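# Chain and residue survey
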Amino acid sequence: MAGIFVYAETKEGEFRKATGEILSRCRGVADATGEPLVAVVVGPAPEDAPRRLAPFGADLVLHVEGPGLEVYTSQGYAWAVTSCLAGRQPAALFFGNTPLARDLAPRVAERMDAALHADCTGLAWEDGRFVFTRPLYGGKLLARAVSRPGHPVLATFRPNSLGVAEVAATSPAYERVQVEVPAGSVASVVKETIRQVAGRVSLQEAEIIVSGGRGVGGPEGFRVIEELADVLGAAVGASRAAVDAGWISYDHQVGQTGKAVSPNLYIACGISGAIQHLAGMSSARCIVAINKDPDAYIFKVADYGIVGDLFQVVPALTAELREMLVRA
Amino acid sequence: MRIVVCAKQVPDTEARVTVGKDGRSIDETGITFIINPYDEFALEEGLRIKERLGGQATVTMVCVGPPRAEEALRTGLAMGADAAVHVWDDSLAGADAAALALVLQAAVTQLGFDLILCGRVAIDDASAQVGLRLAERLGLPHANAVTKLEVQGSKLVAHREVEGGVEVVELPLPAVVTAQKGLNEPRYPTIPAIMKARRREIGRPGLAGLGLDAGKVADACRSEVLSLAPAPARKGGRLVAGEPQEAARTLAHLLREEAKVL
Ligand SMILES: Cc1cc2nc3c(=O)[nH]c(=O)nc-3n(C[C@H](O)[C@H](O)[C@H](O)COP(=O)(O)OP(=O)(O)OC[C@H]3O[C@@H](n4cnc5c(N)ncnc54)[C@H](O)[C@@H]3O)c2cc1C
Ligand SMILES: Nc1ncnc2c1ncn2[C@@H]1O[C@H](COP(=O)(O)O)[C@@H](O)[C@H]1O
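What you see is a predicted model, and the numbers here were worked out from it, not measured in a lab.

The strands making up a sheet associate through backbone hydrogen bonding, with each pair oriented either parallel or antiparallel. Residue and element names in this part refer to chain A. The strand order across the open sheet formed by seven strands is β7-β11-β6-β1-β4-β5-β12, and the pairing between neighbours is parallel. Whereas interior strands pair on both sides, the edge strands pair on one side only; in this sheet they are β7 (116–120) and β12 (173–178). Averaged over all pairs of adjacent strands, the angle between strand axes in this sheet comes to 20 degrees, irrespective of strand direction. The pairing of strand β6 (residues 92–96) with strand β11 (residues 153–157) spans five bridges and is classified as parallel. Of the residues in β11, the one forming a bridge with Ala92 is Val153.

Spelled out as structure tokens, the structure:
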């Protein structure tokens, strides 16, 4: 066994949040086992990658680059990751549970003949093996699972769920690996990428999410939600009712058939708290509900609630928080 | 064009799911099962492609699952699938994604295919990997989380959801495509179609018919569930009373001082 590898994904030149969370959480295991802790970066990467990953305790930054890796393709990147790790006998390879990783990791797992524990919310080291916690059945149950011995251990972790562990900073070594994706091994061609509104925080990485449901009444109703989100630097979420009504796009949907999120704070406005919605957000650390119906189920799971009209309560909260955060 | 749709049967999203006696699987008593919603999108897309090709296609549904899963296949037939294949053996009970990919590979290879449609994710295990593992095993390209799909001769043009936007990809057939919400609105089967689907033949190759056996399935499994437990229940907290301004002020302070989330 030679290393705990963490796929260090970047977005707009920055390492993803989960990268630091996973690295720092694995530092202790690396110390206990003597395995090096390695960040793997594929394709374009920030020049100062080692410096940026030092606070999370990485021993080595392995940068895989070369023709065919300028833009992400699942086949090209899966080939690059596996061929670079092939001679190194990795003990583990972990990813943040981002849309890219969900496209990449299953192929890598298949190529490495390994299990992939997907969208984990917990990681433990017990009796010399990694034990993963995964929400199943829309978060109704939690499974503890392991990989069979004799194969690398692969997993993706939901951002925010591990949190960053306090570790001593390291000065990671930097190794660049030049590869060339074999001609003909990538069959799909990216023709175009249509960007939607940029700048907003990703829903799954956000520490705070403000969500609107049917109670916002229409697309304009999301204005008050966005204003609160802006003050908090939060992402905007939605219930399926709001998405299906066409008030906001599907990538905002939280729930069993949307995104599963684990923010520190989840503010549900005009959302009744259907079981399928709870499936996506009940692992939030703190839940706030704003709903005019005192009997709404959401109050049964919320840490704090205000019974009232969201069009009065949300702007009042926005004003209050704006003042409070400016003062701070 | 031969289209194969891989579909799983999963507990209804409303179902109360509890842990079974073995502590590692669920107690299925009283649970209603449905076709995984994303697989319904996949099936609907297969049917629409066939319609757009003027019927010059076959849509075959494949499901690996216990006897109850036959119901999902009957629903698929009633929606318009041309054929259905049901694979089961008791040794498949604990099969993980790696083993399922092996079984599906054998099934689709036996059927022959030009396009394989899967769901992006099964909402029970939320593992979102069987379709992509299958693509890798078959040495095929895939398009994941697809919201729009067009067949242009021997290639596909797919719009797929990526972070912060949509990516348009072109890929040659044969290929694997996984369906994301937004791809289409699945049709409801008509009552006569449901009646007719009851009498249709369903293919049951069995593991042996696919060149597999219990040992090969067990060998292919790469993960193991140690235990399953209910998620810790959340308790309702505190209602903040008062006029909107006052309540908002109190809440803001609670979030900062008590919950420490701001
Ligand atoms: C297979 C399946 C999958 C599903 N997946 C998801 C999913 O992923 N995510 C999801 O969210 N849902 C999902 N659903 C739908 C889910 O069952 C609910 O229908 C949905 O969550 C309801 O959304 P809502 O709470 O916004 O609307 P409603 O249930 O209609 O609730 C609206 C709430 O707003 C309140 N309200 C109205 N006006 C105001 C106001 N002015 N001020 C304050 N409060 C107000 C009302 O009191 C009410 O409680 C799924 C359903 C199925 C069958
Ligand atoms: N038992 C099964 N039978 C047929 N198809 C399956 C099965 N399990 C998973 N799939 C397919 O793989 C997709 C992803 O499943 P999963 O990896 O379990 O989230 C599903 O949407 C189905 O299309």
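A few words on the interface of chain A and chain B. With 88 residues of chain A at the contact, the number on the chain B side is 79 residues. Our count for the chain A to chain B interface comes out at 13 salt bridges. At the junction of chain A with chain B, the criterion picks out 51 residue pairs in polar contact (both at pLDDT 80 or more). When grouped by side-chain class, the residues that make up the side of chain A that touches chain B number 43 nonpolar, 21 polar and 24 charged. Bridge count for strand β10 (residues 141–147) of chain A against strand β13 (residues 223–230) of chain B is seven bridges, and the pairing is antiparallel. Within β13(B), the position partnered with Ser147(A) by the bridge is Ser223(B).

This part covers the nonpolar core. Membership of the largest hydrophobic core comes to 83 residues, with the highest contact counts inside it found for Val210(A), Phe222(A), Ile267(A), Ile290(A) and Leu149(B). With seven residues, the top contributor of residues to this core is helix α8 (residues 310–327) of chain A. Setting aside residues no more than four positions away along its own chain, Phe222(A) makes contact with Gly212(A), Val216(A), Val236(A), Gly237(A), Ala238(A), Ala242(A), Trp247(A) and Ile248(A).

Below, the discussion takes up the site of ligand 1. All names here are of chain A. Near ligand 1 there are 26 residues, and of these Arg214, Ser239, Thr257, Ser272 and Gln276 occur at the shortest range. A distance of 3.1 Å separates a nitrogen atom of ligand 1 from a polar atom in the backbone of Lys292. At the level of secondary structure, the elements contributing two or more residues to the shell around ligand 1 comprise α6 (240–244), α7 (275–281) and α8. For the shell around ligand 1, the per-class residue count stands at six nonpolar, 15 polar and five charged.

Quick look at the sheet that holds strand β14 (residues 208–212) of chain A now. Reading across from one edge, β15(A)-β14(A)-β16(A)-β17(A)-β18(A)-β14(B) is the order of the six strands in this open sheet, with parallel pairing throughout. Edge strands, defined here as strands with exactly one partner in the open sheet, are β15 (235–238) of chain A together with β14 (238–239) of chain B. In this sheet, strand β17 (residues 286–291) of chain A lies alongside strand β16 (residues 265–269) of chain A in parallel orientation, the contact comprising five bridges. Bridge assignment links Leu265(A) to a residue of β17(A), and that residue is Cys286(A). Contacts from helix α5 (residues 222–232) of chain A reach β14, β15 and β16 of chain A, with the element oriented near 175 degrees to β14(A).

This part is about the packing of α8(A) against helix α8 (residues 244–258) of chain B. In contact at an axis separation of 8 Å, α8(A) and α8(B) are set at 50 degrees when each is read in the N-to-C sense. On the basis of their axis angle, the class for α8(A) and α8(B) is oblique. Crossing angle aside, the handedness with which α8(A) passes α8(B) is right-handed. Together, Gln312(A), Val313(A), Ala316(A), Leu317(A), Glu320(A), Leu321(A), Met324(A) and Leu325(A) of α8(A) and Pro244(B), Gln245(B), Ala248(B), Arg249(B), Leu251(B), Ala252(B), His253(B) and Arg256(B) of α8(B) make up the contact between the two elements. Residues that form the contact of α8(A) with α8(B) fall into these classes: 10 nonpolar, three polar and three charged.

To continue, consider the domain arrangement of chain B. Reports often express the size of an interface as the amount of accessible area lost when the parts come together. By domain assignment, chain B separates into domain 1 (2–220) and domain 2 (236–262). Here domain 1 of chain B and domain 2 of chain B have C-alpha centroids that lie 47 Å from each other.

So, about a nonpolar patch on the surface. Residue and element names in this part refer to chain B. Residues Ile191, Ile194 and Met195 make up a contiguous nonpolar surface patch of about 270 Å² in total accessible area. Note that Ile191 resides in helix α5 (residues 191–198). A relative accessible area of 60% places Ile191 in the exposed class.

Once that is clear, we can look at the pairing of β6(A). All names here are of chain A. Most of β6 is tucked away, with five of its five residues classed as buried. Where burial is concerned, the two faces of β6 agree: the one with Ala92, Phe94 and Gly96 and the one with Leu93 and Phe95 are both buried. In this sheet, β6 lies alongside strand β1 (residues 4–7) in parallel orientation, the contact comprising three bridges. Note on β6: the bridge partner recorded for Phe5 is Leu93.

Turning our eyes to something else, we now look at the pairing of strand β9 (residues 129–136) of chain A. Residue and element names in this part refer to chain A. Counting buried residues along β9, six of its eight residues qualify, which places the element largely inside the surrounding structure. Counting the residues in the hairpin turn of strand β8 (residues 122–126) and β9 gives two residues, including Asp127, whose phi is positive at 50 degrees. What sits between the antiparallel neighbours β9 and β10 is a turn of four residues, in which Tyr137 has the positive phi angle 50 degrees.

Calculation criteria
Residues numbered from 1 in each chain as written. Chains lettered and ligands numbered in written order. Predicted model: local features only at pLDDT ≥ 70, side-chain atom pairs only at ≥ 80, totals over all residues. Heavy atoms only, no water. Pairing = 2+ DSSP bridges. Helix = DSSP H or I, 4+ residues; strand = E, 2+ residues; numbered from the N terminus. Axes fitted to C-alpha atoms, helices over the stretch in contact; angles between N-to-C directions. Contact = heavy atoms within 4.5 Å. Salt bridge = Lys/Arg side-chain N within 4 Å of Asp/Glu carboxyl O. Polar contact = N/O pair within 3.5 Å; in protein donor to acceptor, adjacent residues only side chain to side chain. Nonpolar A, V, L, I, M, F, W, Y, C, P; charged D, E, K, R; others polar. Core = buried A, V, L, I, M, F, W, Y, C linked by side-chain atoms within 4.5 Å. Buried < 20%, exposed > 50% of the residue type's maximum accessible area, 1.4 Å probe, protein only. Near = heavy atom within 4 Å. Parallel < 35°, antiparallel > 145°, perpendicular 65-115°, else oblique. Left-handed = near helix turned anticlockwise from the far one by under 90°. Domains from an automatic or database assignment. Patch = residues over 30% accessible without salt bridge, like charges linked within 9 Å, V, L, I, M, F, W, Y side chains within 5 Å. Areas by Shrake-Rupley, 256 points an atom, 1.4 Å probe, with all protein chains shown as cover.

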